[in-house]
Amino acid sequence: MSFSVSSQSLTPKVQVQNKDTVFCFTIPQSKVIAKHLENSRYCDSVLMQTESEIELLHQLEAVNDSSLLIMKMKTENQQTIILNQETIIGDLHLKVQQTEKKLKGERWQKRLFALGFFVISVVAIVK
């Protein structure tokens, strides 16, 4: 594993062995480097967890948005149904009024017919 850590107090001793350059640290310096490595692992795990939580939040937001869209569509459909029902009720009310007027007219015709028949009957009997 290769890591780069820099600090003012972590100056390694540079040695050349078999045509390779090697950096040598003391034990206290190695402890500091180990702490830095452990901190970066912790930060990486926190970053990964945060990214997964963000992805979950995005998924929840998408579900919420689709639920809101479905509810809006249902509301619009219900408003259309209510409007249609109100129109039907208005038409039925108009028909009821027209039927009542027609019945009143027929009642008056029946009464006039009965009165006329009675008068004609009385006149025929009297003569």
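Residues numbered from 1 in each chain as written. Predicted model: local features only at pLDDT ≥ 70, side-chain atom pairs only at ≥ 80, totals over all residues. Heavy atoms only, no water.

Draft legend 1. Representation of helix α1 (residues 27–126). Compared with an ideal rise of 1.5 Å per residue, which puts 100 residues at 148 Å, α1 spans 146 Å between its outermost C-alpha atoms and is within 8% of the ideal. Here α1 has its buried residues at Q29, I33 and L37. Against β2 (20–24) lie the buried residues of α1. (Helix = DSSP H or I, 4+ residues; strand = E, 2+ residues; numbered from the N terminus. Expected span 1.5 Å × (residues − 1). Buried < 20%, exposed > 50% of the residue type's maximum accessible area, 1.4 Å probe, protein only. Contact = heavy atoms within 4.5 Å.)

Draft legend 2. Examining the packing of aromatic side chains more closely. This structure, assessed with the given rule, holds 0 aromatic pairs. It is R111 that lies over the ring of W108; its NZ or CZ is 5.5 Å from the centre. (Phe/Tyr/Trp six-rings, centres within 6.5 Å; stacked < 30°, edge-to-face > 60°. Lys NZ or Arg CZ within 6 Å of the ring centre and 35° of its normal.)

Draft legend 3. Molecular detail of the pairing of β2. Pairing between strand β1 (residues 13–17) and β2: 5 bridges, direction antiparallel. Along β2, the bridge assignment pairs K13 with C24. In this structure, the hairpin formed by β1 and β2 is closed by a connection of 2 residues, where N18 is found at a positive phi of approximately 50°. (Pairing = 2+ DSSP bridges.)

Everything listed here is a matter of geometry and, on its own, says nothing about what the molecule does.
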